[in-house]
Amino acid sequence: MTTTMEKPLFRVLKGNPDATELAALTAVIAGLAKRRPAEDSGERNLWGRPEDRLQRTTLYNPNAFRNVTFY
């Protein structure tokens, strides 16, 4: 006889659900897990990431030609 220790899908922290309520909750969570796309489903579009707003890219410097002497 082999026993496998599997991690439970979820835990109920409060309340006292009966078997029917647990079965309904399990069905909903399992359905949502199936709808989630695979991690390697193709190229991710990283346009508009919040991290990009934190890094300033210098494309134009209005003070670049302040010290230029014209001949």
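Placed above this text is the structure.
What comes next is a walk through the structure. (Residues numbered from 1 in each chain as written. Predicted model: local features only at pLDDT ≥ 70, side-chain atom pairs only at ≥ 80, totals over all residues. Heavy atoms only, no water.)

## As for the overall build of the protein
What counts here: Only DSSP runs of H or I covering at least 4 residues are called helices, and only runs of E covering at least 2 are called strands; the numbering of each starts at the N terminus. Residue exposure ignores everything except the shown protein chains as possible cover, and the areas themselves are Shrake-Rupley values with a 1.4 Å probe.
What the protein contains, in helices and strands, is one helix and zero strands. Only carbon and sulfur atoms are counted for the fraction: they give 55% of the accessible area of the protein, which is about 8,200 Å².

## Here we look at the environment of Leu 25
Quick reminder of the rule: We call a residue buried when its accessible area falls under 20% of the maximum for its residue type, exposed when it is over 50%, and partly exposed in between, using a 1.4 Å probe and counting protein chains only.
In this fold, Leu 25 is placed in helix H1 (residues 19–35). Exposure remark for Leu 25: the relative accessible area of 38% places this residue in the partly exposed category. Placed 15 residues apart in sequence, Leu 25 and Phe 10 show a C-alpha to C-alpha distance of 9.5 Å.

## A few points about the environment of Leu 22
What counts here: Contacts are residue-level and defined by heavy atoms, with any inter-residue pair within 4.5 Å sufficient.
Note that Leu 22 resides in helix H1. Sequence separation between Leu 22 and Phe 10 is twelve residues, and the spatial gap between their C-alpha atoms is 10.0 Å. Excluding its chain neighbours within four sequence positions, the residues that come into contact with Leu 22 are Phe 10, Val 12 and Pro 17.

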